[in-house]
Amino acid sequence: MDASVTPLRHGGLSLVQTTDFFYPLVDDPYMMGKIACANTLSDLYAMGVTDCDNMLMLLAVSNKMSEKERDVVIPMMMRGFKDLAEEAGTLVTGGQTVLNPWLTIGGVATTVCQPNEFIMPDNAVVGDVLVMTKPLGTQVAVNAYQWLDQPERWNRIKLVVTEDDVRKAYQRAMFSMARLNRTAARLMHKFNAHGATDVTGFGLLGHAKNLASIQKNEVSFVIHNLPIIAKMAAISKACGNMFGLLQGQSAETSGGLLIALPREQAAAFCKDIEKQEGYQAWIIGIVEKGNRTARIIDKPRVIEVPAKDRDGELW
């Protein structure tokens, strides 16, 4: 499961808790703080928990930074983390800071719940559909952006994308990673979700397999559609598939929720989340009878996100 659920001694309540931290992957410290916060909270949201009671921040400050770099960068990262925590309706009340060769940021998210406030992830049934709430391709977008300064890498992909495409994809990835999965968690209750996970470091297929393996019923997941940040599929192919994006192996950071929903509720879920957030969700697969595994079909349909590029607009 994405979060630990501990029954408390006190009257039917459970403690739901999760922790996560990682290294910087964007060049804006404030956005990096937001991404770290969104990523930490995402594991609660995957359990259908919509309200976080408390957050702690975990920070490792690099001893390779000069004092000036540290005094500029670290407060910006902390502010990004804190601002997104407030947007999520929670507060950062403490944490731990250490000096370290690597810069890392993350946190702990804790909440106390009644049984109806969280959704166990193991109730998918045959006939359910799988919904994804953010596009894939964050790893490819972040790497391609770094390659703008590395001619030998850039030469491999410049035939399929322009510099402008790459910068736009990077912005899309950054803002997507910094977006909370809170609305999706709320709608999981409204539309009777049978379980969910968030798509992060193991890629779409890795997390789909994890979710499938813990199901109570004898089911398997089959994925047909891959919503991907525009142009990232082309980059992945041009690199000799080094990311495994179309195979669902590309790592994501602070990705969307992968949710098993009753078939008759899924379209309404997607419509509702787009109405509330202004961002799409997609039906990407089905739950069928099987032995608790997950697979992506041989030639999945790639959905470019957004479908049309508009000047001056990200989505």
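Residues numbered from 1 in each chain as written. Predicted model: local features only at pLDDT ≥ 70, side-chain atom pairs only at ≥ 80, totals over all residues. Heavy atoms only, no water.

Some words on the overall build of the protein
Secondary structure assignment for the protein yields 9 helices and 11 strands. A compact globule built from 315 residues should have a C-alpha radius of gyration of about 20 Å, and the protein, at 19 Å, falls within 12% of that. Overall, the protein is about 50 × 45 × 35 Å in size when its C-alpha atoms are taken along their principal axes. Residue burial in the protein is summarised as follows: out of 315 residues, 53% are buried. Sequence separation of at least 24 residues holds for 84% of the intrachain contacts in the protein that already meet a minimum separation of 6. Between the centroid of the 32 positive side chains of the protein and the centroid of its 34 negative side chains there is a distance of 4 Å. (Helix = DSSP H or I, 4+ residues; strand = E, 2+ residues; numbered from the N terminus. Rg over C-alpha atoms; globule rule 2.2 N^0.38 Å. Buried < 20%, exposed > 50% of the residue type's maximum accessible area, 1.4 Å probe, protein only. Contact = heavy atoms within 4.5 Å. Lys, Arg positive; Asp, Glu negative; His and termini not counted. Charge placed at Lys NZ, Arg CZ, Asp CG, Glu CD.)

Focus: the packing of helix α3 (residues 138–147) against helix α5 (residues 163–177)
Between α3 and α5, whose axes approach to 8 Å, the crossing angle comes to 135°. Classified by the angle their axes make, α3 and α5 are oblique. α5 is crossed by α3, and the crossing has left-handed handedness. Of the residues in α5, those touching α3 at T138, A141, V142, A144 and Y145 are V166, R167, A169, Y170, A173 and M177. A class-by-class count of the residues in the contact of α3 with α5 yields 9 nonpolar, 1 polar and 1 charged. (Axes fitted to C-alpha atoms, helices over the stretch in contact; angles between N-to-C directions. Parallel < 35°, antiparallel > 145°, perpendicular 65-115°, else oblique. Left-handed = near helix turned anticlockwise from the far one by under 90°. Nonpolar A, V, L, I, M, F, W, Y, C, P; charged D, E, K, R; others polar.)

What about the UniProt feature "domain: PurM-like N-terminal" (unreviewed entry) in the protein?
Within the UniProt annotation, "domain: PurM-like N-terminal" (unreviewed entry) is assigned to residues 2–109. Taken end to end, residues 2–109 comprises 35% helix and 34% strand; its first and last C-alpha atoms sit 12 Å apart. (UniProt positions renumbered as here; feature names shortened; annotations may be inferred.)

Topic: the side chain of T110
As for its placement among the helices and strands, T110 is situated in strand β5 (residues 104–113). Judged by relative accessible area, T110 falls into the buried class, the value being 14%. Leaving out residues up to four positions away in the same chain, T110 has contacts with L15, V16, Q17, C52, D53 and N54.

Structural notes on the sheet that holds strand β7 (residues 195–198)
A sheet is described by the order of its strands in space; here 6 strands give the open sequence β7-β9-β6-β10-β8-β11, paired in mixed fashion. The open sheet has two free edges, formed respectively by β7 and β11 (294–305), since each of these has just one partner strand. The sheet shows a mean angle of 20° between the axes of neighbouring strands, taken without regard to direction. With 4 bridges connecting them, strand β6 (residues 129–132) and strand β10 (residues 282–289) associate as antiparallel partners. Counted as the bridge partner of L130 is G285 from β10. Helix-sheet contacts for helix α9 (residues 263–277) involve β6, β9 (257–261) and β10, and the interaxial angle to β6 is about 15°. (Pairing = 2+ DSSP bridges.)

Brief notes about the side chain of N181
Take N181: it is sitting in the loop between α5 and α6 (182–190). You can call N181 buried: its relative accessible area is 4%. Here G255 takes part through its backbone oxygen, which lies 3.0 Å from a polar atom of the side chain of N181. (Polar contact = N/O pair within 3.5 Å; in protein donor to acceptor, adjacent residues only side chain to side chain.)

Some points on empty space enclosed by the protein
Considering all chains together, one arrives at 1 cavity of 30 Å³ or more under this definition. Its boundaries defined by the atoms lining it, the largest cavity holds a volume of some 40 Å³. Taken together, T133, K134, R179, L180, N181, A184, I273 and E277 make up the full set of residues lining the largest cavity. (1 Å grid on protein atoms, 1.4 Å probe; cavity = no way out; pocket = protein on both sides within 12 Å on 5 of 7 lines; lining within 4 Å. Points joined across faces, edges and corners; volume = space filled by probe spheres on them.)

Here's the deal with the pairing of β6
Regular strands place their side chains on alternate faces of the sheet. Burial of β6 is two-sided: the residues V129 and V131 facing one way and the residues L130 and M132 facing the other way are all buried. Pairing of β6 with β9 involves 4 bridges; the strand directions are antiparallel. Residue pairing across strands places L130 opposite A260, the latter belonging to β9.

Observations regarding the sheet that holds strand β1 (residues 4–7)
What the 5 strands build is an open sheet, ordered β1-β2-β5-β3-β4; its pairing is mixed. The sheet is open, and its two borders are formed by β1 and β4 (92–100), each paired with just one other strand. The mean inter-strand angle of the sheet, taken between neighbouring strand axes irrespective of direction, is 15°. In terms of strand pairing, strand β3 (residues 54–62) meets β5 through 7 bridges, oriented antiparallel. Residue L59 lies in a different strand from β5, and its bridge partner there is I105. Sheet contacts for helix α1 (residues 29–45): β2 (14–22), β3 and β5; angle to β2, the most-contacted strand, approximately 145°. Sitting on the sheet, helix α2 (residues 67–87) touches β3, β4 and β5, and the angle it makes with β3 is about 160°.

With respect to the layout of surface pockets
Here the largest pocket defines a volume of roughly 300 Å³. Considering the residues around the largest pocket, the lining is formed by 20 residues, among which T200, G201, A251, E252 and T253 are closest to the centre. Secondary-structure elements contributing two or more residues to the lining of the largest pocket are β2, α1 and α3. In terms of residues, the lining of the largest pocket owes the most to one element, α3, which gives 5 residues. Counted by class, the lining of the largest pocket contains 6 nonpolar, 9 polar and 5 charged residues. Taken as a whole, the second largest pocket spans an internal volume of roughly 220 Å³. What lines the second largest pocket is a set of 14 residues, among which E87, A178, R179, L180 and Y279 lie closest to the centre. Elements represented by at least two residues in the lining of the second largest pocket include exactly α1, α2, α5 and α6. Residue composition of the lining of the second largest pocket, grouped by class: 7 nonpolar, 2 polar and 5 charged.

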